[in-house]
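Observations on the model geometry
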Amino acid sequence: MVDVTFAVLAAITVISAIVALEAKEVVYGAIALALCFVGIAGFFALLDAVFLAMFQLTVYVGAIAVLILFTVMLVRREHWLKVKEGVHRVAGVLVAIVVALGLGYLVYASTLTHVTPSVGQAPFTLIGVQILSDYWLALIALALVLASAVIGAVVLAKLERD
Amino acid sequence: MPIIRTLVGFLIRIVVLIIVILALGLIVITAAYYLMGPSFPLSPFMLINPQEALAFTFALMDTDLFKIVIFPGFTFVALYGAVVVLWERKLLAKMQLRIGPLYAGKFEGILQPIADVMKLLSKELVVPKVADRFFFILAPILTVTIATAAVAVIPITERWVIARSDIGVLIIFAVLAFFPLTALMAAWSSNSRYPMLGGVRALHQLVAYEIPLVLSTLAPVVYAGSLNLIEIVEKQSNLWFILLAPISALTFYICSLAELERIPFDLPEAEPEVASGWLAEYGSMNFGLVMGVAVYIKLYVLSALFTTIFLGGWLGPQPLPPEFWFLLKTFIVTTFLIIPRGVYPRLRVDLLLRQSWAGYFILALINLVIAAAAVLGGFKL
Amino acid sequence: MVSDLLLVLLTAGFAVVASLVMLIIALIIAPKKPNKPKEIQYECGQIPSGAGKFSLMMQYYAYLLMFVAFDVMSMFLFAWGVSIYNVGLSGFLAVVLFIGILLVPLAFTLYHAARREIW
């Protein structure tokens, strides 16, 4: 028995992801990508991870989708290449369908067919506790990755090369 | 449709319309009562028997629908916005030794908001030919929607909240993160130079001032130990957080001036420079939705947030009801958000961005570290 | 907590309905007289020429890049802020190190963003 909320959210997410890939006007694709991220945040909320849903909305929609939209708006139309499509597109869609069916079969054949919400919801303060006590090294690694990403992006984006 | 010529004529038509709707409603309720028997909750005898009517009204006020539509929700915020429109113009006028709106209504222009709404509704809705029609009309609707979504978590008292959420502060910031997206969508869909320039500057400004805003609420969250706005207010019963985290309060105030695109952070809407920026192509009710409704809803949200987090929400001396204290404090914060408009010039965009990242961001971090050190050192509220 | 999010969504939905009502009222009441000068873009009275979108917008790109990284940082600081009692001093030191590492790209980007001739 399929849950209506889940089905609607899944439809929104998948359809906007498809639109994000296939839209002729790239800005529509970027806005559809933002809608897809909102759908994923909805999935996090359905799984009772509300803190994570807000994290997803703030970071993905608020920062990444905005950056993608802004960058897409900067590119002038004449600089886009036209890609020859045809048999590659059909082959790609077929491969995607086969992979999806295979994964679905794997999930159904395992013992994972029914998810019981066992604990209710964990208090989100546990996220902070775990990040800072058990996984603090991962936090520092995250800081280093973010720092290198920003420095690298600035170095790549500016006009001089020295 | 007859052309609306006078304000008084318009008001008389509205009053007649309301009376007609109430009469029709009374007839419908009487018919339903006689058809369905006493199981129907409303009855025409409520007009005669005030006990029943009062009981029904109190039961109605606790439902979610009432809270969303009327009291801490949309209608209340829209009326607050209307009052603030008039108050802003009058206050600025008095500060600048002018008079302000004078002719709408008999007493000092008190019907000016109604005249403004009337004007905006009755002008022609022009969509430029090169604009992208769907997103051009969608962007103002989305701005109003997102601004109203933030109203849902703001507590006026413990009873008058729409959504009592354990992560109230984060919901407000997730909602605030949507605004650059709608501004960019509005700017791009106009497909014209001034909106693009203004929209990009709006994007940079909104995005740059969002981080110090978020971080400056973290110090009170650390003191209170919870993200729930109701608990944050309850923890302030001894001492307001503005005294414990003054730098954070100042950062929040300045960053909310920037998030509302108010002077001195007015560059996205500057008339002499970008010809009213990302709103340049917007006509009658599109403009009304963005500049009239959404901006004042955002103003209410940020003032109410400042009141809840720093000024102790609804706490106040007892003989007056807590709702009154909340509204009084919010109104004072709104006044402080309005006042710089009459005083300051505009900041240039690169100075504006630099000031945010090199100034307010560091200030918010400083106060956060101080708050964390104090709490870890044993300071308990 | 999910029901709270549903209430937020309901409020947003009501706002959509209300703003659509306002737009429809405006569409009904307002006159409709389209003519050509009203519908071209606004360029302070001149006749606009050239495309509406242009690519001179790279000037303040560095600030936008910083925003993505520091948005993630602020979310992690929120995750720390609510659990500050439970992690004590060691957690505080980890967060100070986290913030300190992220101050380096802040300084770097601010230095390069101020040099306007390279963007």
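Each remark here, short or long, concerns the structure printed above.
Our subject in this report is the structure included herewith. What you are looking at is a predicted structure, and each value in this text was computed from that prediction instead of being measured.

Focus: the interface of chain C and chain A
- Each side of the interface is counted separately: chain C has 37 residues, and chain A has 41 residues.
- Across the chain C/chain A interface, buried area totals approximately 4000 Å², and carbon plus sulfur atoms make up 85% of it.
- The interface formed by chain C and chain A holds 0 salt bridges in total.
- At the boundary of chain C and chain A, one finds 1 residue pair in polar contact (both at pLDDT 80 or more).

Some remarks on the nonpolar core
- Ranked by internal contacts, the top residues of the largest apolar core, which has 200 residues, are Leu227, Tyr300 and Trp357 of chain B together with Leu77 and Trp80 of chain C.
- Among residues more than four places away in sequence, those in contact with Leu227 of chain B are Phe51 and Phe124 of chain A, Asp166, Ile167, Gly168, Val169, Leu170 and Val221 of chain B together with Phe78 and Val82 of chain C.

Concerning the pattern of salt bridges
Residues and elements named next belong to chain B.
- Counted by the stated rule, this structure contains 5 salt bridges over all chains.
- Of the charged contacts, one joins Arg262 and Glu88 as a salt bridge, the two residues approaching to 3.1 Å between their closest N and O atoms. Placement of the pair is Arg262 in the loop between helix 14 (246-259) and helix 15 (271-274) and Glu88 in helix 4 (residues 74-95), with a sequence separation of 174 residues.
- The exposure class assigned to Arg262 is buried, which follows from its relative accessible area of 6%.
- Residue class for Glu88 comes out buried when judged on its relative accessible area of 2%.
- As a salt-bridge pair, Glu88 and Arg341 come within 2.5 Å of each other at their nearest N and O atoms.

Some remarks on the packing of helix 16 (residues 284-310) of chain B against helix 17 (residues 322-338) of chain B
Residue and element names in this part refer to chain B.
- Here helix 16 crosses helix 17 at 120°, and the two axes come no closer than 8 Å. The chirality of how helix 16 crosses helix 17 is right-handed. Contact residues: helix 16 offers Leu299, Tyr300, Ser303, Ala304, Phe306, Thr307 and Thr308, while helix 17 offers Phe326, Lys329, Thr330, Val333, Thr334 and Leu337.
- Residue classes in the contact of helix 16 with helix 17 are distributed as 7 nonpolar, 5 polar and 1 charged.

Calculation notes
- Residues numbered from 1 in each chain as written.
- Chains lettered and ligands numbered in written order.
- Predicted model: local features only at pLDDT ≥ 70, side-chain atom pairs only at ≥ 80, totals over all residues.
- Heavy atoms only, no water.
- Contact = heavy atoms within 4.5 Å.
- Buried area = accessible area lost by both parts, 1.4 Å probe.
- Salt bridge = Lys/Arg side-chain N within 4 Å of Asp/Glu carboxyl O.
- Polar contact = N/O pair within 3.5 Å; in protein donor to acceptor, adjacent residues only side chain to side chain.
- Core = buried A, V, L, I, M, F, W, Y, C linked by side-chain atoms within 4.5 Å.
- Buried < 20%, exposed > 50% of the residue type's maximum accessible area, 1.4 Å probe, protein only.
- Helix = DSSP H or I, 4+ residues; strand = E, 2+ residues; numbered from the N terminus.
- Axes fitted to C-alpha atoms, helices over the stretch in contact; angles between N-to-C directions.
- Left-handed = near helix turned anticlockwise from the far one by under 90°.
- Nonpolar A, V, L, I, M, F, W, Y, C, P; charged D, E, K, R; others polar.

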